[in-house]
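Each chain, letter by letter, is given below.
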Amino acid sequence: MFRAVFRLSAAGARSLARSRPCSSAPLASRCYSHGKVETEEEFDARWVTYFSKPDIDAWELRKGMNTLMCYDLVPEPKILDSALRACRRLNDLASAVRILEAVKDKAGPHKDIYPYLIQELKPTLTELGISTPEDLGIDKL
């Protein structure tokens, strides 16, 4: 029975392959550079505004951080400051620590970026009562 099904499906596939006309139409090319280019200041301001929304919920916070981490950059301290303040408004300590872990991972082999960010964020972390992954001891796991 399986042999008959295979034979019929193979014959059908051959007939479909033969019935397609061979066309050599030129491929359309698209130019995507006609849009406005966002400056670094506009990019930073957009994300600070996003995380500073008073009615941001946990899903929007995670979605925003996920989108931000997809970019080929390490976020500026002012963006991280507003994201950490959003975590505090939501009383979500786990997300705040996860943001710091993601930034450390995003910094990658550049060992001077993460300490700089922690140095810049230290007043905010102290004000909000957020511990770093190193303070919690979870960076050694």
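Structural data are supplied above this passage.
What counts and how
Residues numbered from 1 in each chain as written. Predicted model: local features only at pLDDT ≥ 70, side-chain atom pairs only at ≥ 80, totals over all residues. Heavy atoms only, no water. 1 Å grid on protein atoms, 1.4 Å probe; cavity = no way out; pocket = protein on both sides within 12 Å on 5 of 7 lines; lining within 4 Å. Points joined across faces, edges and corners; volume = space filled by probe spheres on them. Helix = DSSP H or I, 4+ residues; strand = E, 2+ residues; numbered from the N terminus. Nonpolar A, V, L, I, M, F, W, Y, C, P; charged D, E, K, R; others polar. Phe/Tyr/Trp six-rings, centres within 6.5 Å; stacked < 30°, edge-to-face > 60°. Core = buried A, V, L, I, M, F, W, Y, C linked by side-chain atoms within 4.5 Å. Buried < 20%, exposed > 50% of the residue type's maximum accessible area, 1.4 Å probe, protein only. Contact = heavy atoms within 4.5 Å. Expected span 1.5 Å × (residues − 1). Salt bridge = Lys/Arg side-chain N within 4 Å of Asp/Glu carboxyl O.

A. Structural view of the layout of surface pockets. Approximately 180 Å³ is the volume attributed to the largest pocket. As for the largest pocket, its lining consists of Leu61, Arg62, Met65, Asn66, Met69, Ser95, Arg98, Ile99 and Ala102. If one sorts the elements of the lining of the largest pocket by residue count, helix 3 (residues 58-70) sits on top with 5 residues. The residue inventory of the lining of the largest pocket, partitioned by class, reads 5 nonpolar, 2 polar and 2 charged.

B. How the structure looks around the packing of aromatic side chains. Applying the stated criterion across every chain, the model contains 6 aromatic pairs. Ring centres of phenylalanine 43 and tyrosine 71 lie 5.2 Å apart, and the angle between their planes is 85 degrees; on these two criteria the pair is classed as edge-to-face. Highlighted residues: phenylalanine 43 in helix 2 (residues 40-51) and tyrosine 71 in the loop between helix 3 and helix 4 (77-89), separated in sequence by 28 residues. Ring-pair connections join several aromatic residues into one group, and the members of that group are Phe43, Trp47, Tyr50, Phe51 and Tyr71.

C. Quick peek at the nonpolar core. Grouped together as the largest cluster of nonpolar side chains are 27 residues, with contacts concentrated most on Phe51, Leu84, Ile99 and Leu100. Within the residue set of this core, elements represented by two or more residues are helix 2, helix 3, helix 4, helix 5 (93-107) and helix 6 (113-128). Setting aside residues no more than four positions away along its own chain, leucine 100 makes contact with Leu84, Tyr114, Ile118, Leu121, Leu125, Ile130, Ser131, Thr132 and Pro133.

D. Structural detail: helix 4. Helix length check: helix 4, at 13 residues, gives a terminal C-alpha distance of 18 Å against a target of 18 Å (1.5 Å per residue), a fit within 8%. When we look at burial in helix 4, the residues that qualify are Pro77, Ile79, Leu80, Asp81, Ser82, Ala83, Leu84, Ala86 and Cys87. Tucked inside the fold, the buried residues of helix 4 contact helix 2, helix 3, helix 5 and helix 6. One or two steps after helix 4, the chain reaches asparagine 91, where phi turns positive at roughly 55 degrees.

E. The arrangement of unusual backbone geometry in detail. Of note in this structure, asparagine 91 is not a glycine but carries a positive phi near 55 degrees. Looking at the element boundaries, asparagine 91 is found in the loop between helix 4 and helix 5.

F. A look at the pattern of salt bridges. Inspection of the entire model under this criterion finds 8 salt bridges. For arginine 46, the salt bridge goes to glutamate 38, with nearest N and O atoms at 2.9 Å. Classification of arginine 46 by relative accessible area gives partly exposed; the value is 36%. Glutamate 134 serves as the salt-bridge partner of lysine 104, at 3.0 Å between the closest nitrogen and oxygen. Here lysine 104 is found in helix 5, whereas its partner glutamate 134 is found in helix 7 (residues 133-136), with 30 residues between them in sequence.

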